[in-house]
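Observations on the model geometry
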Amino acid sequence: MNEVVLAVMAGFIVGILFSFLKLPIPAPPVLSGVMGIVGVYLGGMAYSWVLARFFS
């Protein structure tokens, strides 16, 4: 949980810094970006599950 809080704080600070410097925020569009991250996570979990289930 501590890692999550630190990641949110770091993202918040980067967002403020980029807005202050009038730069585009370095993030994909909200919904598609979040869904991409969820997909990568689920793919990694599925790979681990398949290895554990069928190859051990």
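Every value quoted in this text rests on a predicted model; they were computed, and no experiment measured them. (Residues numbered from 1 in each chain as written. Predicted model: local features only at pLDDT ≥ 70, side-chain atom pairs only at ≥ 80, totals over all residues. Heavy atoms only, no water.)

**Some details on the overall build of the protein chain**
Filter applied, for reference: Helix numbers and strand numbers start at the N terminus; a helix is a DSSP run of H or I with at least 4 residues, a strand a run of E with at least 2. For the radius of gyration, the atoms used are the C-alpha atoms, and the globule rule reads 2.2 Å times the number of residues raised to 0.38. Three exposure classes are used, based on accessible area relative to the maximum for each residue type with a 1.4 Å probe and protein chains only: buried under 20%, partly exposed in between, and exposed over 50%.
Along the backbone of the protein chain there are two helices and zero strands. The C-alpha radius of gyration computed for the protein chain amounts to 16 Å, which surpasses the reference 10 Å derived for 56 residues by more than 25%, pointing to a less compact arrangement than a globule. Overall size of the protein chain, expressed as C-alpha extent along the three principal axes, is 50 × 25 × 15 Å. Expressed as a percentage of the 56 residues in the protein chain, the buried residues total 2%.

**Focus: a nonpolar patch on the surface**
The condition that has to hold: Surface patches are drawn from residues lacking salt bridges whose relative accessible area is over 30%; two like charges belong together within 9 Å, two nonpolar side chains (Val, Leu, Ile, Met, Phe, Trp, Tyr) within 5 Å. Surface exposure here means Shrake-Rupley accessible area, sampled with a 1.4 Å probe, where a residue is shielded only by the protein chains that are shown. For this document, the term salt bridge refers to a Lys or Arg side-chain nitrogen within 4 Å of an Asp or Glu carboxyl oxygen.
Judged by side-chain polarity, V30, L31, V34, M35, V38, Y41, L42 and M45 come together as a nonpolar surface patch covering roughly 830 Å² of accessible area. As for its placement among the helices and strands, Y41 is situated in helix α2 (residues 30-54).

**Focus: unusual backbone geometry**
Not every positive phi belongs to a glycine, and K22 is a case in point at roughly 60°. Relative to the helices and strands, K22 resides in the loop between α1 (2-20) and α2. Since its relative accessible area comes to 74%, K22 is described here as exposed.

**Here's the deal with the environment of I16**
On the secondary structure map, I16 appears in helix α1. Between the C-alpha atoms of I16 and G36, which are 20 residues apart in sequence, the distance is 24 Å.

**Remarks on α1**
The condition that has to hold: Here the expected length of a helix is defined as 1.5 Å per residue gap, with one fewer gap than residues.
With 19 residues, α1 extends 27 Å between its outermost C-alpha atoms, agreeing within 8% with the 27 Å of an ideal straight helix rising 1.5 Å per residue. Positive phi appears at K22, one or two residues downstream of α1, with a value of about 60°.

**A short note on the environment of S56**
Turning to its location among the elements, S56 is positioned in the segment after α2. Distance from S56 to P24, taken between C-alpha atoms, is 47 Å for residues 32 residues apart in sequence.

Any link to function would need more than the numbers given here.
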